[in-house]
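Architecture and fold: a report
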Amino acid sequence: MPASMPPTDDTTERLALPPAMLSRLAASDLIGRGSVNVISIKAVRRWAGDWWDQKRTDVWTYVERKLNEHLDRADLRGRVSEDDFLIATHNDQGLSAQAASIRILEDVLTHLLGAAELKDIGVRSVIGVEASGIVCRTIDPSVVLAARARRDSERSPFRVEMDDSDDMRRTPVAFTTSGGAALRVDFALEHVIGLRRNITTAIRVEPIVTHLGTGRSISGRAITKLADKDIAFIDEATLRYGAAFAKAAQGNDRPDLVLPASFRTLGTQRGRDLLTGTSGLSLALLRGGVMIELVDVTRGTPAGRLLEVVGLLKALTRGVVARVPPDKEAFKHLRDARLAGLTLDACDLGGPAEKIAADIMAFGREARGLAPMVSLQGLPQEGYFAAAETAGLSHASLRAVHPYAARAAA
């Protein structure tokens, strides 16, 4: 059986593979998508000690059972050394693929050792393929474990690289509208959870707009009724705040960063220049991990113009998400837009529970096949995640709560 080769440096190592498995990986795009990982049961082997030769067949059998339990039939899996198993997932990539690998290893360690200690969770991401094997890089399982959290916190994937003082300098922002209203804009991060693996696959910036005179928050749909100049101010402030997190969103093993902005702003050349001209949002960073969420797509949005603007934004960013109202007519001109995602915001849901459930199910039906990510966002409680899954949605997220405001309230 092939064995692990010694590391060539501090960050990568080589692992030999059987020719058939190596050929399948080389002929696919799975490595490029961050869908291939290697899990290690070295901790089990250490525990077995001198008994390993007698116990290893039973251990391997149990690992293979867990692989079959968690993976799809088309996924590639197999033992590649005495204590290494390769996993290649077709429908998961990046953090989702790593989360699947870690979940399998946790199950194995818990069953065989009684607990899955962080130090024993050995997972490597496959980052390249060579003539005789693969190139791997060890991942930090604590990053993936933190990404399981459904709300933002100091341990969130983006927060670990963010200086608290820098964050607090960027929020809040206050301004007076053209109509004379004094508004304040706070920003918070919302974890977008992939329901398949229960892992954060994207983090979106949520502007929280408050009327200073009354202290009341203004809903997303109410914000769209402001003048173009006022909306553009909020969009610009959102881009500036989001720019602080752009570097943390780069690569297949990091959540994407979703920045909401108005179609009315980004539909203009000035608005798109603002996107690429914001400090910290270089074209490379935008394309590497930043998605734009158009927040005001409705049945009245001109179909031809929408397709044109989405195409322009796709050339500048990682992808475009459209927030749509619970209105069947709003979906008709989205079929040719090739959007990365569609999302329904909880602030657009109202009425009795039966109506809310019906709107969620209708959203799932209408959005099916229009985008890879179909999400229900801004939810008031986790109970709605089950409704999202029942409706066939791929993602859901809880309403953003600013961590500093929550800390002050406590």
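In case you missed it, the structure is sitting above this.
Presented here is an overview of the structure given in this document. (Residues numbered from 1 in each chain as written. Predicted model: local features only at pLDDT ≥ 70, side-chain atom pairs only at ≥ 80, totals over all residues. Heavy atoms only, no water.)

**Some thoughts on the pattern of salt bridges**
- If you walk through the whole model with that rule in mind, you get 31 salt bridges.
- Where Glu236 meets Arg240, a salt bridge forms, and the shortest distance between an N and an O atom there is 3.4 Å. Within this pair, Glu236 and its partner Arg240 are both found in helix H8 (residues 228-243), separated by 4 residues, close to a single helical turn.
- Residue classification places Arg240 among the partly exposed residues on the basis of a relative accessible area of 38%.
- Across the pair Arg318 and Asp256 runs a salt bridge whose closest N-O atoms are separated by 2.8 Å. In this pair, Arg318 sits in the loop between helix H12 (303-316) and strand S13 (319-323) while Asp256 sits in strand S11 (residues 256-261), placing the two residues 62 residues apart along the sequence.
- A relative accessible area of 33% means that Arg318 is categorised as partly exposed.
- Overlapping salt bridges, with partners in common, bring together Glu13, Lys42, Arg45, Asp83, Asp84 and Arg124 in one network. (Salt bridge = Lys/Arg side-chain N within 4 Å of Asp/Glu carboxyl O. Helix = DSSP H or I, 4+ residues; strand = E, 2+ residues; numbered from the N terminus. Buried < 20%, exposed > 50% of the residue type's maximum accessible area, 1.4 Å probe, protein only.)

**Structural notes on the packing of helix H3 (residues 52-70) against helix H4 (residues 95-113)**
- Two elements in contact, H3 and H4, have axes separated by 10 Å at closest approach and are oriented at 140°. Considering the angle they form, H3 stands oblique to H4. Remark: the crossing between H3 and H4 carries right-handed chirality. Contact residues: Val59, Tyr62, Val63, Lys66, Leu67 and His70 in H3; Arg103, Ile104, Asp107, Val108, His111 and Leu112 in H4.
- A class-by-class count of the residues in the contact of H3 with H4 yields 7 nonpolar, 2 polar and 3 charged. (Axes fitted to C-alpha atoms, helices over the stretch in contact; angles between N-to-C directions. Parallel < 35°, antiparallel > 145°, perpendicular 65-115°, else oblique. Left-handed = near helix turned anticlockwise from the far one by under 90°. Contact = heavy atoms within 4.5 Å. Nonpolar A, V, L, I, M, F, W, Y, C, P; charged D, E, K, R; others polar.)

**Observations regarding the layout of surface pockets**
- Of the volumes computed, that of the largest pocket is approximately 660 Å³.
- What lines the largest pocket is a set of 28 residues, and nearest its centre among them are Gln93, Ser96, Thr201, Asp256 and His395.
- Counting residues per element, the ones that place at least two in the lining of the largest pocket are H4 and strand S9 (199-211).
- Looking at which element gives the most residues to the lining of the largest pocket, the answer is S9, with 4 residues.
- For the lining of the largest pocket, the per-class residue count stands at 9 nonpolar, 12 polar and 7 charged.
- Empty space within the second largest pocket amounts to approximately 500 Å³. (1 Å grid on protein atoms, 1.4 Å probe; cavity = no way out; pocket = protein on both sides within 12 Å on 5 of 7 lines; lining within 4 Å. Points joined across faces, edges and corners; volume = space filled by probe spheres on them.)

**A few points about unusual backbone geometry**
- Phi at Asn198 takes a positive value of approximately 55°, unusual for a residue other than glycine.
- Looking at the element boundaries, Asn198 is found in the loop between strand S8 (182-194) and S9.
- Positive phi values are uncommon outside glycine, yet Arg338 reaches one of about 50°.
- Assignment of secondary structure puts Arg338 in the loop between S13 and strand S14 (341-345).
- A residue is classified by how much of its surface remains accessible, and Arg338, at 68% relative accessible area, is exposed.

**Describing the sheet that holds strand S4 (residues 84-88)**
- On the basis of which strands lie adjacent, the open sheet formed by 6 strands has the order S1-S6-S5-S2-S4-S3 and antiparallel pairing. Two strands lie at the open edges of the sheet, namely strand S1 (12-16) and strand S3 (76-79), each paired on one side alone. Neighbour-to-neighbour, the strand axes of this sheet turn through a mean angle of 30°, independent of strand direction.
- In this structure, S3 lies alongside S4, joined through 4 bridges in antiparallel fashion. Pairing of Leu76 across the sheet is with Ala88, part of S4. (Pairing = 2+ DSSP bridges.)

**What to know about the nonpolar core**
- Ranked by internal contacts, the top residues of the largest apolar core, which has 69 residues, are Leu294, Leu339, Leu342 and Phe363.
- If you tally residues by element for this core, the top one is H8, at 6 residues.
- With residues near it in sequence (within four places) discarded, Leu342 still touches Val321, Ala322, Val324, Phe331, Leu334, Phe363, Ala367, Leu370, Ala371, Met373, Val374 and Ser375.
- Counting 27 residues, the second-largest nonpolar core is a separate cluster that includes Ala99, Leu105, Ile139 and Ile199. (Core = buried A, V, L, I, M, F, W, Y, C linked by side-chain atoms within 4.5 Å.)

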